[in-house]
Amino acid sequence: MVSKFIIMKLFYYIVLLSFLLCERGDIHSIEFLEYKSAEETQAQIDEDLGGQGVSITAEYDVSLYKVIYETLDGYGDTTLASGVIGIPHDLNHAFGMVSWQHGTVVKRNSVSSVSGFNLLSMVLSSAGYVYVEPDYLGLGVSEDFHPYCLNIPSANSVIDMIRAARNFCNDSEDIQLNEQLSLIGYSEGGYATLAAQKMMEEDFSDEFNITISLPMAGPYD
């Protein structure tokens, strides 16, 4: 009869091996959240922005997915984080990717992986971008304590969310990517954007070629 100690030890080694085989940006799970036709998106844009003299045209039907992916915490240990990917529907074009880093939120569930589409994700994905938005560590499914404006865990969650989105698109027959990558963020998201840009340029310049980076109103020097 196999002892409980041996079973627990075997379980420990299996778990350890699974973590060693994981790579940053590997997808743990994908969940379809929401679909919007171009007409539905246009109606929402007109309702929210029509009185402000802003002219935006929704060109594509879009779908939003929740993704749970592998990343590293502030101590360099493997952990899970969540975010969303917005996909424009068109098989005839290759789309660029835009990663939006949101501003400060104080509740774990006040993120797009819980609430679904917002106006920005609808506008950008319907305009022809693969839209990416990380929840950050400590928000969404992540059980870590949120590392507010700490550069390495902030950068890790952004970079690995982009990798997860790239993996998702490369494994799908319904979406093509081009080489454009745009980083945009505001407030805490401005900080996370600049932290991700810094890490990409210093450590992953052979993997990422940033088209444009717009870190706005972040607490950075």
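Scroll up a little and you will see the structure.
Just so it is clear, the structure is predicted and the values come from calculations on it, not from any experiment. (Residues numbered from 1 in each chain as written. Predicted model: local features only at pLDDT ≥ 70, side-chain atom pairs only at ≥ 80, totals over all residues. Heavy atoms only, no water.)

S.K.: Summarise the overall build of the protein chain; cite the residues concerned and give the values.
M.R.: The secondary structure content of the protein chain amounts to six helices and seven strands. Written out in order from the N terminus, the α and β elements of the protein chain read α-β-α-β-β-β-α-α-β-α-β-α-β. At 19 Å, the protein chain has a C-alpha radius of gyration in line with the 17 Å of a compact globule built from 221 residues. With the C-alpha coordinates aligned to their principal axes, the bounding extent of the protein chain is approximately 75 × 40 × 35 Å. Looking at the protein chain as a whole, 46% of its 221 residues are labelled buried. The contacts of the protein chain with a sequence gap of at least 6 include a subset with a gap of at least 24, amounting to 77%. With an accessible surface of roughly 11,900 Å², the protein chain has 54% of that area assigned to carbon and sulfur atoms. (Helix = DSSP H or I, 4+ residues; strand = E, 2+ residues; numbered from the N terminus. Rg over C-alpha atoms; globule rule 2.2 N^0.38 Å. Buried < 20%, exposed > 50% of the residue type's maximum accessible area, 1.4 Å probe, protein only. Contact = heavy atoms within 4.5 Å. Areas by Shrake-Rupley, 256 points an atom, 1.4 Å probe, with all protein chains shown as cover.)

S.K.: So what's going on with the pattern of salt bridges? Which residues, and what values?
M.R.: Applying the stated criterion across every chain yields a total of six salt bridges. Across the salt bridge formed by R166 and E207, the nearest N and O atoms sit 2.5 Å from each other. Of this pair, R166 sits in helix α5 (residues 151-170) while E207 sits in the loop between α6 (188-203) and β7 (212-216), and the two are 41 residues apart along the sequence. Notably, a salt bridge pairs K198 with E202, separated by 3.2 Å at the nearest N-O pair. In this pair, K198 and E202 both sit in helix α6, four residues apart, roughly one turn of the helix. Look at the salt bridges and you will find they share partners, linking R24, D160, R163, R166 and E207 into a network. (Salt bridge = Lys/Arg side-chain N within 4 Å of Asp/Glu carboxyl O.)

S.K.: Would you mind going over the sheet that holds strand β4 (residues 94-101) in detail, with residue names and values included?
M.R.: Paired through backbone hydrogen bonds, the strands of a sheet run either parallel or antiparallel to each other. The seven strands lie next to each other as β1-β2-β3-β5-β4-β6-β7, forming an open sheet whose pairing is mixed. Of all the strands in the sheet, the pair left with one neighbour each is β1 (27-36) and β7. Strand-to-strand twist across the sheet, computed as the mean angle between neighbouring axes with direction ignored, equals 20°. Across five bridges, the pairing between strand β6 (residues 176-186) and β7 is parallel. (Pairing = 2+ DSSP bridges. Axes fitted to C-alpha atoms, helices over the stretch in contact; angles between N-to-C directions.)

S.K.: Talk me through the packing of helix α2 (residues 38-49) against helix α4 (residues 119-126); I want residue IDs and the actual numbers.
M.R.: Two numbers describe how α2 lies on α4: the axes approach to 10 Å, and their chain directions differ by 130°. With respect to α4, the axis of α2 lies oblique. Judged by the twist between their axes, the crossing of α2 over α4 is left-handed. Each of T41, Q44, I45, D48 and L49 in α2 lies in contact with α4, whose residues at this interface are L119, M122, V123 and S126. In terms of residue class, the contact of α2 with α4 is built from five nonpolar, three polar and one charged. (Parallel < 35°, antiparallel > 145°, perpendicular 65-115°, else oblique. Left-handed = near helix turned anticlockwise from the far one by under 90°. Nonpolar A, V, L, I, M, F, W, Y, C, P; charged D, E, K, R; others polar.)

S.K.: With reference to specific residues and values, describe α5.
M.R.: Taking 1.5 Å as the rise per residue, α5 with 20 residues should run 28 Å; its terminal C-alpha atoms sit 28 Å apart, in good agreement. When you tally the buried positions in α5, you get 15 out of 20 residues, the bulk of the element. (Expected span 1.5 Å × (residues − 1).)

S.K.: Explain the packing of α5 against α6 to me, using residue names and the numbers behind them.
M.R.: The contact between α5 and α6 brings their axes to 8 Å, and the two run at 75°. Between α5 and α6, the interaxial angle falls into the category roughly perpendicular. From α5, N151, I152, S154, A155, N156, V158, I159 and I162 reach across to α6, where they touch Y191, A192, A195, A196, M199 and M200. Partitioning the contact of α5 with α6 into residue classes produces 11 nonpolar, three polar and no charged.

S.K.: So what about a nonpolar patch on the surface? Which residues, and what values?
M.R.: On the surface, Y186, I212, L214 and M216 cluster together into a nonpolar patch covering about 350 Å² of accessible area. By the secondary structure assignment, M216 is in strand β7. (Patch = residues over 30% accessible without salt bridge, like charges linked within 9 Å, V, L, I, M, F, W, Y side chains within 5 Å.)

S.K.: How would you sum up the environment of Q101? Please name residues and give values.
M.R.: With respect to the secondary-structure elements, Q101 resides in strand β4. Take Q101: its relative accessible area is 0%, and that puts it in the buried class. For the pair Q101 and A81, spaced 20 residues apart in sequence, the C-alpha to C-alpha distance is 14 Å. Apart from the residues within four sequence positions on either side, Q101 is in contact with P134, Y136, V158, L183, I184, G185, Y186, G189, A192 and T193.

From the geometry alone we can't say anything about function, so treat these as descriptive.
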